[in-house]
Amino acid sequence: MKKWDLFRSHEVELSKEMILDELRTYPYPQLILGLTENCNLRCKYCIFSGNYEEMRTHTFKRMEKKTALKSVQKYIDYIEEWKEYAPDKQPVISFYGGEPLLRFDLIQEVIAYVQQKGFRTMFSMTTNGTLLTDSIIEYLVAHNVMISVSLDGSKEMHDKNRVFANDRGSFEVVYGNIRKLLAEIKRQGKEQLLPTMILSCYENETDMVALNDFFVQEKHIMKVMGGRLSKILDAELGDSGGGNDSMVVLLDQYLQEITAENGENRTSEMFFKERLFGTSLKVSHNRNINPYARNYSSLLGNACIPGSRMFVAVDGTFHMCEKISYQFPIGNCEDGLDINAISEIVEKWSSKFTEQCKECPYQSICGLCYASCAVGDNFDVKGICTTRKTDIERQLSILYGVLERNPDAMRDFSAHKDSIDRKYESFRFVMDKC
Ligand code: SF4
Ligand code: SF4
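Residues numbered from 1 in each chain as written. Chains lettered and ligands numbered in written order. Predicted model: local features only at pLDDT ≥ 70, side-chain atom pairs only at ≥ 80, totals over all residues. Heavy atoms only, no water.

Peer 1: Where do I start with the pattern of salt bridges in this structure?
Peer 2: A side chain with one charge may pair with a side chain of the opposite charge, provided their charged atoms come close. Summed over all chains, the structure comprises 19 salt bridges. Between Glu205 and Lys160 there is a salt bridge whose closest N-O contact spans 3.9 Å. Taken together, the residues span a long stretch of sequence, with Glu205 in the loop between β5 (197-202) and α7 (208-217) and Lys160 in helix α5 (residues 155-161) at a distance of 45 residues. For Lys160, a relative accessible area of 42% gives the class partly exposed. In this structure, the salt-bridge partner of Lys273 is Glu257, at a minimum N-O distance of 3.1 Å. Note that Lys273 is positioned in helix α10 (residues 271-285) and Glu257 in helix α9 (residues 245-258), a separation of 16 residues in sequence. Judged by its relative accessible area of 26%, Glu257 is partly exposed. Connected through salt bridges with shared partners, the residues Glu17, Asp21 and Arg24 form a single ionic network. (Salt bridge = Lys/Arg side-chain N within 4 Å of Asp/Glu carboxyl O. Helix = DSSP H or I, 4+ residues; strand = E, 2+ residues; numbered from the N terminus. Buried < 20%, exposed > 50% of the residue type's maximum accessible area, 1.4 Å probe, protein only.)

Put into structure tokens, the structure is as follows:
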């Protein structure tokens, strides 16, 4: 590695043609339709609650049918055109909001349009789960829509933040609807829709042992349905530090379990802890230490090429992601993607990133992206760097602590075929370069 100078920062210019090439060959392009800016809940940590300076707030704006269908048609055209560059593309059309089920009418229009065009795509939806009536559930399952529902744990935990406008908690409704959804998936024999996702948020002060106990007790929901855990990162709701004592207790349990020598260290009761700790350990373990993996890594870090996801706002403007402010448009439903705008964003980002991160040994694992650093119409990488470094050091320290105690502890993770294939691909690429 020294001989070939593999850790040298590899600076290239990311030209418009290269950007286009990346988009053409990207395997998982996603169209996300923001059907409405309204929601029937008023979750206290919601990014649209008004507590987040850069983000929009709830409004009554709705997407018109022609905007939705034009966006879908643009997406279909891109996929058809780009298939020549990557025939195994896996298109996904997602319904997002606010609460997308406030626009069930438009969801049906979009699905009917896509079917009439004979376009093969996966559908997905992120919902708060309160509006899932029997007939809506039947329709969504029948049309193979992968549904992600938010559930923050027990009634007490969930109702603390996930409330209706009158401050009434939504747990009873959501929990009941998740059970109905599971029953309908089973009734229609659509087990391929599992794992439908449970999205669960926790705060610094959340009792993580109790949260773990809830999901273990409810494993027919969480385990069958899959799931994702996110920490609420916002000063309004407590700082984004390292969690509380219950997190330490749970981590300790997890580390003892995965470093046990009896070979049965990964039990079915561990799925929550695997998601909470295992996922990030896996990312650290499988991090790509090869700076040539993407020949523009040193320009963008792990950030995507804007346009690989297309989030369509209610007015038809394309944005690079549903989590970023509206300050970085990348096109619209009339004209499609604007490569000049994308190129400008990439340039803005890379100038910050190369200036700050070029020599950083954590570059390949840092995972900073546009949304986490957007300030106004520019990016501030510096503001978030110290926290990232502390988190990464802690993560690597835990990972190598685990491996010292049990070198096989990450075997299941590192044996993941795709990741191994990718590593060999990168390796071959390096060898070619050399
Ligand atoms: S359900 Fe989602 S969009 Fe609605 S208030 Fe809660 S977090 Fe916000
Ligand atoms: S840790 Fe800081 S310097 Fe290193 S890549 Fe992340 S933001 Fe850049």
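What follows picks up the thread again.
Peer 1: Honestly, the site of ligand 2 in this entry has me stumped. Any pointers?
Peer 2: Neighbouring ligand 2 are Gln356, Cys357, Cys360, Gln363, Cys366, Leu368, Val381, Cys385 and Lys389. Looking at the shell around ligand 2, the elements that each hand over two or more residues are α12 (339-357), α13 (363-366) and α15 (382-405). Tallied by class, residues from the shell around ligand 2 come to six nonpolar, two polar and one charged. (Near = heavy atom within 4 Å. Nonpolar A, V, L, I, M, F, W, Y, C, P; charged D, E, K, R; others polar.)

Peer 1: Sorry if this is basic, but what is going on with α9 here?
Peer 2: Owing to its 3.6 residues per turn, the α-helix aligns residues three or four sequence positions apart on the same side. Here α9 is 14 residues long and its end C-alpha atoms lie 20 Å apart, about the 20 Å a rise of 1.5 Å per residue gives. For α9, the set of buried residues is Ser246, Met247, Leu250, Leu251, Tyr254, Leu255 and Ile258. (Expected span 1.5 Å × (residues − 1).)

Peer 1: Mind showing me how you'd approach the pairing of strand β3 (residues 122-127) here?
Peer 2: A regular strand places its side chains on the two faces of the sheet in alternate fashion. Both strand β2 (residues 92-96) and β3 contribute to a ladder of four bridges, which runs parallel. By the bridge assignment, Ser94 is partnered in β3 with Ser124. Taken together, β2, helix α3 (residues 104-116) and β3 form a β-α-β motif whose crossover is right-handed. (Pairing = 2+ DSSP bridges. Right-handed = clockwise from strand over helix to strand, strands pointing away.)

Peer 1: Help me out: how do you make sense of α15 in this one?
Peer 2: Its 24 residues give α15 an end-to-end C-alpha distance of 35 Å, which sits within 8% of 34 Å, the value for a rise of 1.5 Å per residue. For α15, the full list of buried residues reads Cys385, Ile392, Gln395, Leu396, Ile398, Leu399, Val402 and Leu403.

Peer 1: What exactly am I supposed to notice about the site of ligand 1 here?
Peer 2: What surrounds ligand 1 is the set Cys39, Leu41, Arg42, Cys43, Cys46, His58, Asn128 and Arg162. Looking at the shell around ligand 1 residue by residue, the classes come out as four nonpolar, two polar and two charged.

Peer 1: Where do I start with the packing of aromatic side chains in this structure?
Peer 2: Working definition: an aromatic ring pair is given by the centre-to-centre distance plus the angle between the planes. Following the criterion strictly, the structure yields 15 aromatic pairs and no others. When the ring of Phe95 is compared with that of Phe123, the centres are 6.0 Å apart and the planes differ by 10 degrees; the resulting orientation is stacked. Taken as a pair, Phe95 in strand β2 and Phe123 in strand β3 lie far apart in primary sequence, 28 residues in all. Judged by relative accessible area, which is 0%, Phe95 ranks as buried. Residue classification places Phe123 among the buried positions, given a relative accessible area of 6%. Centre to centre, the rings of Phe328 and Phe379 are 4.7 Å apart; their planes meet at 10 degrees, and the pair counts as stacked. In this pair, Phe328 sits in the loop between β8 (317-319) and β9 (329-332) while Phe379 sits in strand β12 (residues 378-379), placing the two residues 51 residues apart along the sequence. Note on Phe328: relative accessible area 2%, which makes it buried. In this structure an aromatic cluster arises from ring pairing among Phe171, Tyr175, Phe214, Phe215 and Phe272. (Phe/Tyr/Trp six-rings, centres within 6.5 Å; stacked < 30°, edge-to-face > 60°.)

Any functional reading would require information beyond the geometric quantities listed.
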